[in-house]
Amino acid sequence: MVSFFWRIVGVVLLAWVAWDLYAGYTLLYDVIYRTADPLMYWIGIALWTALGLSCFFSSSSQE
């Protein structure tokens, strides 16, 4: 079972993606605007989405 902490991190990252989609910019190495550099913008959105979703599917070891 995934720990509660990582679920919170996943929700925060997906909320960040939702905000980025609304605002039209994202943060990677710098502020990337959708209108100025659409390829890097969508790569950033995909990165944050994958990272957020991975928080729900990561395995936890039972020691």
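## Digging into the nonpolar core
Counting 7 residues, the largest nonpolar core is built from Leu13, Val17, Ile32, Tyr41, Ile45, Trp48 and Cys55. Broken down by secondary-structure element, the contributors of at least two residues to this core are α1 (4-23) and α2 (38-57). Sequence-distant contacts of tryptophan 48, defined by excluding residues within four places in its chain, comprise Leu13, Trp16, Val17, Asp20, Thr26, Leu27 and Leu28.

## Thoughts on the UniProt feature "transmembrane region" (unreviewed entry) in the chain
The UniProt entry lists residues 39-57 under the feature "transmembrane region" (unreviewed entry), expressed in the numbering used here. With 100% helix and 0% strand, the stretch residues 39-57 has end C-alpha atoms that lie 27 Å from each other.

## Quick look at a nonpolar patch on the surface
A surface patch of nonpolar side chains, about 400 Å² in accessible area, is lined by Val11, Leu53, Phe56 and Phe57. Of the residues forming the nonpolar patch, the biggest block, 3 residues, is contributed by α2. The partly exposed category is assigned to valine 11, whose relative accessible area is 47%.

## Here's the deal with the packing of aromatic side chains
With the rule as written, the count across this model stands at 5 aromatic pairs. On the basis of an interplanar angle of 20° and a centroid distance of 4.5 Å, the ring pair of tryptophan 16 and tryptophan 48 is categorised as stacked. Placement of tryptophan 16 in helix α1 and of tryptophan 48 in helix α2 is noted, with a sequence separation of 32 residues between them. Look at tryptophan 16 and you get partly exposed, because its relative accessible area is 29%. Measuring from ring centre to ring centre gives 5.0 Å for tyrosine 41 and tryptophan 42, while their planes differ by 80°; the resulting arrangement is edge-to-face. Relative accessible area serves as the criterion here: at 0%, tyrosine 41 is assigned to the buried category.

What counts, and where the lines are drawn
- Residues numbered from 1 in each chain as written.
- Predicted model: local features only at pLDDT ≥ 70, side-chain atom pairs only at ≥ 80, totals over all residues.
- Heavy atoms only, no water.
- Core = buried A, V, L, I, M, F, W, Y, C linked by side-chain atoms within 4.5 Å.
- Buried < 20%, exposed > 50% of the residue type's maximum accessible area, 1.4 Å probe, protein only.
- Helix = DSSP H or I, 4+ residues; strand = E, 2+ residues; numbered from the N terminus.
- Contact = heavy atoms within 4.5 Å.
- UniProt positions renumbered as here; feature names shortened; annotations may be inferred.
- Patch = residues over 30% accessible without salt bridge, like charges linked within 9 Å, V, L, I, M, F, W, Y side chains within 5 Å.
- Areas by Shrake-Rupley, 256 points an atom, 1.4 Å probe, with all protein chains shown as cover.
- Salt bridge = Lys/Arg side-chain N within 4 Å of Asp/Glu carboxyl O.
- Phe/Tyr/Trp six-rings, centres within 6.5 Å; stacked < 30°, edge-to-face > 60°.

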